[in-house]
Amino acid sequence: MSMTINSPLLRLAALTSLLLAPGVQAEELLTIDVHRDANCGCCKSWIKHLEDNGFHVIDHVESNMSVVKKSLGVAPRLSSCHTGVIEGKFVEGHVPAAQIIELTKRDDLAGIAVPGMPHGSPGMEVEGSSQAYDVIGLTKEGDDVVVAEYPAAQ
Ligand SMILES: [Cu+2]
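Right, let's walk through the structure included here. (Residues numbered from 1 in each chain as written. Predicted model: local features only at pLDDT ≥ 70, side-chain atom pairs only at ≥ 80, totals over all residues. Heavy atoms only, no water.)

1. Describing the coordination of the copper ion
- Protein coordination at the copper ion: the donors are Cys 42 (SG), Cys 81 (SG), His 94 (NE2) and Met 117 (SD), at 2.1 to 2.3 Å from the metal.
- Metal-centred angles of 90 to 123° between the four donor atoms at the copper ion mark the site as tetrahedral.
- Going along the chain, you hit the donors of the copper ion in the pattern C-x38-C-x12-H-x22-M. Note that His 94 is positioned in the loop between β4 (89-93) and α4 (97-103) and Met 117 in the loop between β5 (109-114) and β6 (133-139), a separation of 23 residues in sequence.
- Overall, Met 117 belongs to the partly exposed group, its relative accessible area being 37%. (Donors = N, O, S within 2.8 Å, 3.2 Å for Na, K, Ca; no water. Tetrahedral: all angles 85-135°; square planar, octahedral: opposite > 155°, others 65-115°. Helix = DSSP H or I, 4+ residues; strand = E, 2+ residues; numbered from the N terminus. Buried < 20%, exposed > 50% of the residue type's maximum accessible area, 1.4 Å probe, protein only.)

Right under this line is the structure:
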């Protein structure tokens, strides 16, 4: 029986585990909590993006997202729709899975965000429309740093 692996991250993980010495465990499944409004469609699309990339998602439907964002330390200038939490750090908006994995290795950051809802970010795919966007990190000192730049699709 053959197994097709569609996710680039899972494929990388599979490749990595082949390259490692026998007995070394593949990376543990990353668990992320996601807080969202009940009727948010793009939030569900982003959750699917995470699951497709090997994350275990715990979905929390909230009645007041602004209270949730405030309690998690999401600066208003960084805000978007849903708010994730991984290893005590926030993941605000339509952040690509690869950047969330990077975040787990960054002790200097309180969280990362894709502010607004740019077309073409994961879960915000819009036919014929794509915007460039940055992934912004919030340092523990409260400064914004650009951690990744995604160009608009051609
Ligand atoms: Cu959204």
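2. A few points about the packing of aromatic side chains
- Considering all chains together, one arrives at one aromatic pair under this definition.
- Look at Tyr 133 and Tyr 150: their rings are 5.1 Å apart centre to centre, the planes differ by 5°, and that puts the pair in the stacked class. Taken as a pair, Tyr 133 in strand β6 and Tyr 150 in strand β7 (residues 144-150) lie far apart in primary sequence, 17 residues in all.
- Residue class for Tyr 133 comes out buried when judged on its relative accessible area of 9%.
- Residue classification places Tyr 150 among the partly exposed positions, given a relative accessible area of 25%. (Phe/Tyr/Trp six-rings, centres within 6.5 Å; stacked < 30°, edge-to-face > 60°.)

3. Re the sheet that holds β4
- Pairing in this open sheet of seven strands is mixed, and the strands run β2-β1-β3-β4-β5-β6-β7 from one edge to the other. Where the open sheet ends on each side, the last strands, each with one partner, are β2 (56-62) and β7. Averaged over neighbouring strand pairs, the angle between their axes works out to 20° when direction is ignored.
- As defined by bridge partners, β6 adjoins β7 across six bridges and the pair is classed as antiparallel. Bridge assignment links Gly 137 to a residue of β7, and that residue is Val 145.
- Seen against the sheet, helix α2 (residues 41-52) touches β1 (31-37), β2 and β4 and runs at an angle of roughly 170° to β1.
- Each of β1, β2, β3 (83-86) and β4 touches helix α3 (residues 65-72); the most contacted strand, β1, lies at about 140° to it. (Pairing = 2+ DSSP bridges. Axes fitted to C-alpha atoms, helices over the stretch in contact; angles between N-to-C directions. Contact = heavy atoms within 4.5 Å.)

4. Thoughts on the pairing of β2
- Two strands pair when backbone bridges link them, and β1 and β2 are joined in this way by seven bridges, in the parallel orientation. The partner of His 35 across the bridge, within β2, is His 60.
- On the question of chirality, the crossover connecting β1 to the parallel β2 by way of α2 is right-handed. (Right-handed = clockwise from strand over helix to strand, strands pointing away.)

5. Some thoughts on the pattern of salt bridges
- For the coordinates displayed, the defined rule picks out five salt bridges.
- The partner of Asp 52 in a salt bridge is Lys 48, with the nearest N and O atoms 2.8 Å apart. One end of the pair, Asp 52, and the other, Lys 48, are both in helix α2, four residues apart, so they sit about a helical turn from each other.
- Classification of Asp 52 as partly exposed rests on a relative accessible area of 41%.
- On the basis of relative accessible area, Lys 48 is assigned to the partly exposed category, the value being 48%.
- The residue Asp 108 makes a salt bridge to Arg 106 at a minimum N-O spacing of 2.9 Å. (Salt bridge = Lys/Arg side-chain N within 4 Å of Asp/Glu carboxyl O.)

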